[in-house]
Amino acid sequence: MIEVTNIHKRFGAVQALAGVGFAAADGKATALLGPNGAGKTTLMRTLVGLLARDRGTVSIDGIDPAVDPLGARRNIGLLTDQFGLYERLSTREYLRYFGRINGMDQAAIVRRTGEVTELLGLEDILDRPCRGFSQGQRIKVALARTLLHRPRNLLLDEPTRGLDVMSTRALRRALAALRAEGCCIILATHVMQEVTQLCDDVIVIAKGQTVAQGSPQELCRQTGIASLEDAFVHLVGTEEGIAA
Amino acid sequence: MRVKNLPLWIVVMTKEFTEALRDKRTLGMLLMLTLVYPAVIGLILHNMIDRGTRTGKAGIALAVIGGAQAPTLLAQLREKSVKVVDPGPLDEADIQALLREKKVVGVLRLDPEFGHYYAEVRPAPLALWFDSSAGSREQRLEVESILRDYANGVAGARLEAHGVSPAVLSPLRLERYDTAGGGAGSSGRIGTMLGMFFVPVFLFGLSMAIDSTAGERERRSLEVLMAQPMRARELVVGKWLAASALAAIGLALELSVAHAILSALPLEEIGLSWRLGLPMLAVVIAAALPLCLFVGALQVAMAMNSKTFKEAQASATLVTVLPMVPLLAIPMLDLSTQPWMYAVPVLSNQTMLQSVASHQALGALPWVLTCAVPLLLAWAAVAFAARRMRSEQYVMGI
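This is a predicted model, so every value here is computed, not measured.

## Some points on the overall build of chain B
Step number 1: If you tally the helices and strands in chain B, you get 17 helices and four strands.
Step number 2: Counting over 398 residues, chain B shows a buried share of 38%.
Step number 3: Counted over contacts in chain B with a minimum sequence separation of 6, partners at least 24 positions apart contribute 76%.

Structure follows, in structure tokens:
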């Protein structure tokens, strides 16, 4: 469960977040929609405690990341646009490294490595050094790292970018399964098909503020527009959301 | 799923170490500095010892052309242990070629009119050819001194023949007492060479220290790491200890190779000693471990204080040059060993190695200072690096 109330974050003259608030429930996938520069990535970094908020409150399963960042991070799997692979480590070694950092024992690491390998189709690159991986392979390894320790809360920033159709489908199936297991999933995406297929709830942010929150159907109803994409454009008041 | 596992700094250290050993640059540097570097220093030392032991008159070879005109001069040269060689008549080019071979310290050519002038009590012409770049200055000065003595002897005899005391020519009687002994003149320089064995400590873990901090930040993988349940201090300590461990392993290997080389060199002949057994060598290496920890911490801190990877490389190069300054400055300033020298990293290790190698007794203070000062500096550098790692401006590059 992730609850955010009126958080603000400023970088010098730039007000990146100017009053974002929402609640993302367990067992639900929540889409985070917003045009480029709306503050989605800043919001995710703030949720995990990488950035300190100027004001507002954040609760990750009841833990404030500003007070207990390690406690909050233990229950979070974060995937941003930075994959953080190491060229001289194989995929298996990379997963073992992050498994250990997340407090997993050797048996758990071996078991979960097998599971995420099967889930994301990593068999052919499991024992290859990450040097020379394609964009799709890189994001799959980063996703495997994010899911490895079975976090109760997932923050995924455009997780399907660069993935082929098969991997995208596999990931969507995996996310649906995690949601069914009670995971709280926040998914920043520009792919409306993903939102309608996968997400129970949608948060729309623009210029660092929450513009709307509700199910896709509620947003369509609220705007009086049948298409979610058109409803989103209407809510943010720009064509930029589609162009991104 | 969460169990009590390895401390996270060990997890980070192991990963950094694994990665570094797969990096060809790091491995190449390690091999070159542990094997080639001591061998090169050994060769330089060998040449220095060779020159140092040739400072006496023994072994001076001098080619003399037209020597038959001055048998007394030749006798005096031989009496002073100069090996006189008669190369036969040579022109200027032949003389230069002979000097290039470096088998003789100089060529003394007596003019064909030498005997005639000598008989007429006129200055007898002779020329000394030498190569000032050959590094045999002291031997040449010795030859010139013998020639001066010979000339004074002849002048004295001539004055006496005219009823004048030869003492007129010698208003002073200077006696020289050299207290330096055999090769003490070169021992200071050789001490510097011993200090140079500690300089690679600054290079062994350099690549790892920069790559695991400034490199990781530039590749943006630091953000991923810092989003994990791990304290900034654990991350910094892991990276610091990995770089320090590489420096320590490199130094241990390098000093072992150096020990084998120095044990084979005749250092005793020039007043320097390498009477170091393996247990004492282990003690010297152990006493250098705080230096390795300090260097690793300094490099990590310097790299983390840089805005870019390139800037980190430039800063680290500066740090590598710094320890050489006291090593070169102390012999130039001709300073004797002082207690404060043990408080200067690298200089302390050099001074200690020199003392231990010549079986000089060391009190507790040098050991304490050599170990405590680098540890204190390492702690300060790690604290600084951990503070940087906690900063969102640093991790996120904002």
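So, next bit.
## Observations concerning the nonpolar core
Considering soluble globular proteins, one finds that nonpolar side chains tend to be buried as a cluster.
Step number 1: Core analysis: the biggest nonpolar cluster contains 150 residues, and A:I185, A:V204, B:A297 and B:V300 have the highest contact counts within it.
Step number 2: Residue contributions to this core peak at 15 residues, all from helix 11 (residues 232-264) of chain B.

## Concerning the sheet that holds strand 4 (residues 55-60) of chain A
All names here are of chain A.
Step number 1: Reading across the sheet, the three strands line up as 2-1-4 and stay open at both edges, with antiparallel pairing between neighbours. Each edge of the sheet is formed by a strand with only one pairing partner; in this case those strands are strand 2 (14-24) and strand 4. In this sheet, neighbouring strand axes are inclined to one another by 20° on average, regardless of whether the strands run parallel or antiparallel.
Step number 2: Across five bridges, the pairing between strand 1 (residues 2-11) and strand 4 is antiparallel.

## Points about the sheet that holds strand 4 (residues 126-129) of chain B
Residues and elements named next belong to chain B.
Step number 1: What the four strands build is an open sheet, ordered 2-1-3-4; its pairing is mixed. Every interior strand has two partners, whereas the edge strands, strand 2 (83-85) and strand 4, have only one. The sheet shows a mean angle of 25° between the axes of neighbouring strands, taken without regard to direction.
Step number 2: Across three bridges, the pairing between strand 1 (residues 61-65) and strand 2 is parallel. Directly across from A63, in strand 2, lies its bridge partner V85.
Step number 3: Where helix 4 (residues 92-100) meets the sheet, it contacts strand 1, strand 3 (106-110) and strand 4, and its direction lies at approximately 150° from that of strand 3.

## Brief notes about the packing of helix 12 (residues 278-304) of chain B against helix 15 (residues 347-357) of chain B
Residue and element names in this part refer to chain B.
Step number 1: In contact at an axis separation of 11 Å, helix 12 and helix 15 are set at 170° when each is read in the N-to-C sense. Our classification of the angle between helix 12 and helix 15 gives roughly antiparallel. Contact residues: M280, V284, A287, A288 and L291 in helix 12; N349, M352, L353 and V356 in helix 15.
Step number 2: The residue makeup of the contact of helix 12 with helix 15, split by class, is eight nonpolar, one polar and no charged.

Rules used in this analysis
Residues numbered from 1 in each chain as written. Chains lettered and ligands numbered in written order. Predicted model: local features only at pLDDT ≥ 70, side-chain atom pairs only at ≥ 80, totals over all residues. Helix = DSSP H or I, 4+ residues; strand = E, 2+ residues; numbered from the N terminus. Buried ≥ 20, exposed ≤ 12 C-beta atoms within 10 Å, placed from the backbone. Contact = placed C-beta atoms within 7 Å. Core = buried A, V, L, I, M, F, W, Y, C linked by C-beta atoms within 7 Å. Pairing = 2+ DSSP bridges. Axes fitted to C-alpha atoms, helices over the stretch in contact; angles between N-to-C directions. Parallel < 35°, antiparallel > 145°, perpendicular 65-115°, else oblique. Nonpolar A, V, L, I, M, F, W, Y, C, P; charged D, E, K, R; others polar.

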